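# Structure assessment
Here is what each chain is made of, one letter per residue.
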Amino acid sequence: MYTNGEVGTIEPIQKIGEIAKDKEIYFHVDAVAAAGKIPTDVSENIDLMSISSNDMYGPKGTGALYIRKGTKIQPIIHGGGQERGLRSGSENVASIVGMGKSAELAKAEMESEAGRISALRDKLVNGILEGITDTYLNGHPKKRLPNNANVRFSFIEGESIILSLDMEGISTSSSSACTSKTLEPSHVLIAMGISHADSQGALLLTLGKNNTKEDVEYLLETLPAIIKRLRDMSPLTPR
Amino acid sequence: MYSDKVMDHFKNPRNMGEIKDADGVGVVGNPTCGDVMNIYIKVKDDKLEDIKFKTFGCGAAVATSSMITELARGKTLEEAIEITRNDVADALEGLPPVKMHCSNLAADGLRAAIEDYRKKKGGEKDD
């Protein structure tokens, strides 16, 4: 992945690509979350890269695969031989054009929007870390997607946080075991050395082009009471 | 995904808190799976005079803890120990299937609290 799906860390893709090339291994990069938000470069070390339209505010259900010349791939959809036999089925022209337009707009606005969103994100993260005790940022403070904030709250569980925020009109997500289909805690947070119990209290906040300073302020006003209520209820909270 | 009843108990949990001089305490679950439940009971004349809970966990974990306190309060220990996970889920107008096993711990918590009470009482008799 170009950027980690949970904590937004920008991965050293070029270096990984060098290793893959050195070992003569094809290198495919999932850049769905990164494309349109940060510059994504298909250097000589990247053979394949996937991007999607809906993550750039384009029509849902459309994506693109970059294929370096000379990279051999097997089609998984056979039939009419469209797209040079790589993906059969009539092309969805309207969505393809829509994706192209959304990519064009994302590129034009990328620099200014990344600056605006990362400033909002930093305000959000700093506000949470300063306003609520026993709270930590997951992932790198700077080398992350501009729209990604992932924080964790000790002694409480993520699903109960997102349910509570949802009742206040704020949509968020969590990687706690309770919110996953597998009922396992986040492998990403565990790999980062965070304990199972602490990983349960993770909250993922992603900002978008429609988010404003007022939205961030509303969240910062709303969150402390929710965290307090859940901590009052938790047997893990020290007293 | 949750019934209105679950959301009601999540928003306004009944009997949340700790009983400092509890006669029995049941602790079930663990933070790794994401749910920890403490059930505190006060027993008088073999009846549950008071019951409270503290819970770390998802919406279903909180709602089932809250519901068991309502189902069990005032019951005799014999009656209370018969309350099953399904009784709790039914009283909450159902739980999502995935939550039936992991978060539906309240009946186990109550049983653990009653066992703790009986063990302590047994110990007192021996003194």
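Residues numbered from 1 in each chain as written. Chains lettered and ligands numbered in written order. Predicted model: local features only at pLDDT ≥ 70, side-chain atom pairs only at ≥ 80, totals over all residues. Heavy atoms only, no water.

## Regarding the overall build of chain B
- The number of helices and strands found in chain B is six helices and three strands.
- Listed by position from the N terminus, the elements making up chain B come as α-β-β-β-α-α-α-α-α.
- Radius of gyration (C-alpha) of chain B: 14 Å, near the 14 Å computed for a compact globule of 127 residues.
- Seen through its C-alpha atoms, chain B measures out along the principal axes to roughly 50 × 30 × 25 Å.
- A buried classification covers 51% of the 127 residues belonging to chain B.
- Intrachain contacts of chain B at a sequence separation of at least 6 include 61% that bridge at least 24 residues.
- With an accessible surface of roughly 5,800 Å², chain B has 48% of that area assigned to carbon and sulfur atoms.
- For chain B, the distance from the average site of its 19 positive side-chain charges to the average site of its 23 negative ones is 3 Å. (Helix = DSSP H or I, 4+ residues; strand = E, 2+ residues; numbered from the N terminus. Rg over C-alpha atoms; globule rule 2.2 N^0.38 Å. Buried < 20%, exposed > 50% of the residue type's maximum accessible area, 1.4 Å probe, protein only. Contact = heavy atoms within 4.5 Å. Areas by Shrake-Rupley, 256 points an atom, 1.4 Å probe, with all protein chains shown as cover. Lys, Arg positive; Asp, Glu negative; His and termini not counted. Charge placed at Lys NZ, Arg CZ, Asp CG, Glu CD.)

## Side note on the sheet that holds strand β4 (residues 135–137) of chain A
All names here are of chain A.
- Spatially, three strands are ordered β4-β5-β6 in an open sheet, and the strand pairing comes out antiparallel. Edge positions in the sheet fall to β4 and β6 (202–206), since each of these pairs with one other strand and no more. The average angle at which neighbouring strand axes cross in this sheet is 25°, direction not considered.
- With five bridges joining them, strand β5 (residues 148–153) and β6 adopt antiparallel strand pairing. In the sheet register, Ala149 faces β6, and the bridge partner there is Leu205.
- Across the sheet, helix α2 (residues 93–131) is in contact with β4, β5 and β6; its angle to β5 comes to roughly 10°. (Pairing = 2+ DSSP bridges. Axes fitted to C-alpha atoms, helices over the stretch in contact; angles between N-to-C directions.)

## Section: the packing of helix α3 (residues 158–167) of chain A against helix α6 (residues 213–233) of chain A
Residue and element names in this part refer to chain A.
- Interaxial distance between α3 and α6 falls to 10 Å at its minimum, and their mutual angle equals 135°. Between α3 and α6, the angle falls in the class oblique. Pair α3 / α6 crosses with right-handed handedness. Contacts between α3 and α6 involve Ser160, Ile161, Ser164 and Leu165 from the former and Leu223, Ile226, Ile227 and Leu230 from the latter.
- Along the lines of polarity and charge, the residues of the contact of α3 with α6 split into six nonpolar, two polar and no charged. (Parallel < 35°, antiparallel > 145°, perpendicular 65-115°, else oblique. Left-handed = near helix turned anticlockwise from the far one by under 90°. Nonpolar A, V, L, I, M, F, W, Y, C, P; charged D, E, K, R; others polar.)

## Remarks on the interface of chain A and chain B
- Each partner contributes to the interface: chain A provides 24 residues, whereas chain B provides 27 residues.
- Between chain A and chain B, the buried area comes to about 1,900 Å², and carbon and sulfur atoms account for 70% of it.
- Between chain A and chain B we count one salt bridge in total.
- Every element with two or more residues in the side of chain A that touches chain B is listed here: α3, α5 (196–199) and α6 of chain A.
- The element best represented in the side of chain A that touches chain B is α3 of chain A, accounting for five residues.
- Broken down by class, the residue content of the side of chain A that touches chain B amounts to 13 nonpolar, five polar and six charged. (Buried area = accessible area lost by both parts, 1.4 Å probe. Salt bridge = Lys/Arg side-chain N within 4 Å of Asp/Glu carboxyl O.)

## Details of the domain arrangement of chain A
Residue and element names in this part refer to chain A.
- Domain annotation for chain A reports domain 1 (13–104) and domain 2 (110–233).
- Placing a centre on the C-alpha atoms of domain 1 and another on those of domain 2 gives a separation of 30 Å.
- Opposite the seven residues of domain 1 that make contact, domain 2 presents seven residues.
- Taken over both partners, the interface formed by domain 1 and domain 2 buries close to 570 Å², and the fraction arising from carbon and sulfur atoms is 76%. (Domains from an automatic or database assignment.)

## Description of the nonpolar core
- In terms of nonpolar packing, the biggest core is built from 61 residues, with Ile128, Phe153, Ile161 and Leu223 of chain A together with Ile41 and Leu110 of chain B touching the most fellow members.
- Ranked by size, the runner-up nonpolar core spans 11 residues in total, among them Tyr2, Ala20, Val29 and Ala31 of chain A. (Core = buried A, V, L, I, M, F, W, Y, C linked by side-chain atoms within 4.5 Å.)

## Re unusual backbone geometry
- Positioned with a positive phi, Arg84 of chain A is a non-glycine residue whose angle comes to about 55°.
- Of note, Arg84 of chain A is situated in the loop between β3 (63–67) and α2.
- Residue Arg84 of chain A is classed as exposed on the basis of its relative accessible area, which comes to 84%.
- Located in the positive-phi region is Asn15 of chain B, a residue other than glycine, with phi close to 60°.

## Considering the environment of Lys142 of chain A
All names here are of chain A.
- Residue placement: Lys142 occurs in the loop between β4 and β5.
- With 132 residues separating them along the chain, Lys142 and Ile10 place their C-alpha atoms 9.2 Å apart.
- Among the polar contacts listed, one links the side chain of Lys142 to the side chain of Asp122, at a separation of 3.4 Å. (Polar contact = N/O pair within 3.5 Å; in protein donor to acceptor, adjacent residues only side chain to side chain.)

## Some details on the packing of aromatic side chains
- Applying the stated rule across the entire model yields zero aromatic pairs over all chains.
- We note Lys209 of chain A situated over the ring of Tyr57 of chain A; from NZ or CZ to the ring centre the distance is 5.1 Å.
- Here the guanidinium or amino end of Arg229 of chain A rests over the ring plane of Phe10 of chain B, the centre of that ring lying 5.1 Å away. (Phe/Tyr/Trp six-rings, centres within 6.5 Å; stacked < 30°, edge-to-face > 60°. Lys NZ or Arg CZ within 6 Å of the ring centre and 35° of its normal.)

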